[in-house]
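Fold and contact review
What follows is the residue order along each chain.
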Amino acid sequence: MQSADGLVKTPRWTSGLVAGARRLGSMLLDIAYPPVCLNCDAPTAAPDVLCANCFHRLRPITAPLCPVLGLPFEVSLGPDMLSAEAIADPPPFSRARSAVVYNEVARTLVSRLKYGDRPELARFCARLMAGAGHELWPGNPILVPVPLHPTRQRERRYNQSAELAQALGKYTGLAVDTDLVRRIRKTRQQVGLSGDGRQRNVAGAFAVHPDMLLRSKGRRVVLVDDVYTTGATTKAVTRVLLKGGAESVDVMSFARVVIGTELPI
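Residues numbered from 1 in each chain as written. Predicted model: local features only at pLDDT ≥ 70, side-chain atom pairs only at ≥ 80, totals over all residues. Heavy atoms only, no water.

Some words on helix α7 (residues 160–172)
Spacing of three or four residues puts side chains on the same side of an α-helix, whose turn is 3.6 residues. Going by this rule: Numbering of helices and strands starts at the N terminus; helices are DSSP runs of H or I of at least 4 residues and strands are runs of E of at least 2. Here, expected helix span is obtained from the residue count minus one, scaled by 1.5 Å. Exposed residues in this analysis have more than 50% of their type's maximum accessible area, buried residues have under 20%, and partly exposed residues fall in between, with area computed by a 1.4 Å probe over protein chains only. Contact criterion: two residues are considered in contact whenever any of their non-hydrogen atoms come within 4.5 Å of each other. Between N or O atoms, a polar contact is any pair within 3.5 Å; within protein, one atom must be a potential hydrogen donor and the other a potential acceptor, and residues adjacent in sequence are included only when both atoms are from side chains.
Counted at 1.5 Å a residue, the expected span for α7 with its 13 residues is 18 Å, and the 18 Å between its end C-alpha atoms agrees. When we look at burial in α7, the residues that qualify are Q160, S161, A162, L164, A165, A167, L168 and G169. Along its buried surface, α7 packs onto α4 (104–115), α5 (121–132), β2 (142–145), α6 (150–156), β5 (221–228) and β6 (249–256). Of the residues that open α7, the one with a side-chain oxygen 3.0 Å from the backbone nitrogen of S161 is N159. G173 lies just past α7 and shows a positive phi near 80°.

Shown next as structure tokens:
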């Protein structure tokens with residue numbers, strides 16, 4: 001159908017037909033592959049969600065918390081009260097936030113996202129991260145995933161942190177730059193290493209893009225990762241970004257290890 005100004009317009013009934021076909025396709029997929037819980041595989045009413053039982057077992061991190069490291073406090077100690085860890089070892093980044101405590105449910109989600117070829121799990125994780133990181137989004141920062149070495153990314157097929165960043169960008173409307181930081185040295189996995197061992201493992205492993213200042217355009221950087229354990233990796237990436245000219249860096253992860261509730265990682 002052509003309008004008076006010469007532009008071709010799609011009839012409304014055609015748009016409705018397309019929308020109906022999409023709904024029908026979705027219904028047929030649900031019949032053939034009924035949605036299940038992302039953690040325990042129990043049937044669910046919608047895809048990419050947890051069942052009520054597993055969702056209840058997640059431990060969201062909310063205030064009161066350390067304004068720097070995002071560690072949850074048992075009781076409110078005042079808006080400016082820092083955790084003992086933040087006082088003893090101040091991080092190079094400004095703020096770190098995480099959506100949930102790293103417990104059994106969070107570990108299963110991260111493991112399936114990271115090693116189980118389940119990139120679609122990033123959508124669920126990012127929904128929680130978008131709410132937990134609400135303090136970090138004002139000012140139009142740029143989302144930058146913690147990079148994998150190219151060899152490891154080929155082995156896994158994708159970078160789980162990049163999947164989280166892309167999904168988070170869709171929920172927040174923020175730009176994502178997956179190439180602003182590169183991993184230039186292949187390191188061993190951090191699993192099983194001590195805090196000092198993790199720091200030595202990632203020392204000198206990262207470099208910023210040669211055109212970093214042009215690409216970032218003076219915006220604040222929010223590093224995106226799956227799990228915050230000791231912070232060795234995010235601290236190493238932060239230092240490289242600051243040295244490369246970033247004004248400030250924040251950190252956003254899906255889960256974080258909390259003393260007294262941590263699991264082997």
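Things to note about the sheet that holds β2
In plain terms, the rule: Paired strands, in this sense, are two strands between which DSSP finds at least two bridges. In this analysis, axes come from line fits to C-alpha atoms, helices being fitted only over the stretch in contact, and the angle between any two N-to-C directions falls in the range 0 to 180 degrees.
The strand order β1-β6-β5-β2 describes an open sheet built from four strands, whose pairing is parallel. Bordering the open sheet on either side are β1 (95–101) and β2, each of which pairs with just one other strand. In this sheet, neighbouring strand axes are inclined to one another by 25° on average, regardless of whether the strands run parallel or antiparallel. Looking at chain direction, β1 and β6 are connected through six bridges and run parallel. Paired with R97 across the bridge in β6 is M252. Sitting on the sheet, α4 touches β1, β5 and β6, and the angle it makes with β6 is about 110°. Seen against the sheet, α7 touches β2, β5 and β6 and runs at an angle of roughly 125° to β5.

Overview of the environment of T151
Considering the arrangement of structural elements, one finds T151 in helix α6. By relative accessible area, T151 is classed as partly exposed at 25%. The spatial distance from the C-alpha of T151 to the C-alpha of K186 is 7.8 Å, given a sequence separation of 35 residues.

Some points on the nonpolar core
What counts is decided by this rule: Remark: nonpolar core denotes a set of buried residues (Ala, Val, Leu, Ile, Met, Phe, Trp, Tyr, Cys) joined through side-chain atoms within 4.5 Å.
L50, M129, W137, L168 and F254 are the most contacted members of the largest nonpolar core, which totals 37 residues. Taken together, the elements giving at least two residues each to this core come down to β1, α4, α5, α7, β5 and β6. Ranked by residues supplied to this core, first place goes to α5 with seven residues. Beyond its immediate sequence surroundings of up to four residues, M129 is in contact with A99, W137, L164, L168, V224, D225, M252, S253 and F254.

Comments concerning unusual backbone geometry
Residues A63 and P64 are joined by a peptide bond in cis, for which omega reads 5°. Within the secondary structure layout, P64 lies in the loop between α2 (52–57) and α3 (84–88). Residue K217 is not a glycine yet carries a positive backbone phi of 55°. Turning to its location among the elements, K217 is positioned in the loop between α9 (212–216) and β5. For K217, a relative accessible area of 64% corresponds to the exposed category.

Looking at the packing of α5 against α7
Quick reminder of the rule: Working rule for angles: under 35 degrees goes down as roughly parallel, over 145 as roughly antiparallel, 65 to 115 as roughly perpendicular, anything else as oblique. Handedness of a crossing follows from how the near helix is turned relative to the far one, being left-handed for an anticlockwise turn of less than a right angle and right-handed for a clockwise one.
It is at 8 Å that the axes of α5 and α7 come closest, and there the two elements cross at 55°. When the axis of α5 is compared with that of α7, the two are oblique. Regarding α5 and α7, the two cross each other, and that crossing is right-handed. Taken together, the residues of α7 that come into contact with α5 (itself represented by A122, R123, C125, A126, R127, M129 and A130) are E163, L164, A167, L168, Y171 and T172.

Let's talk about the side chain of T238
Along the chain, T238 falls in helix α10 (residues 232–243). A polar side-chain atom of T238 sits 2.7 Å from the main-chain carbonyl oxygen of T234. When sequence neighbours within four positions are dropped, the list of residues in contact with T238 reads P92, F93, L223 and V249.

Details of α5
Between its terminal C-alpha atoms α5 stretches 17 Å, which fits the 16 Å expected from twelve residues at 1.5 Å a residue. All of the buried residues along α5 are L121, A122, F124, C125, A126, M129 and A130.

Examining the pairing of β2
Of the two faces of β2, the one holding I142 and V144 and the one holding L143 and P145 are both buried throughout. In terms of strand pairing, β2 meets β5 through four bridges, oriented parallel. Across the sheet, residue V144 finds its bridge partner in β5, namely L223.

All we've got here are geometric facts, nothing functional implied.
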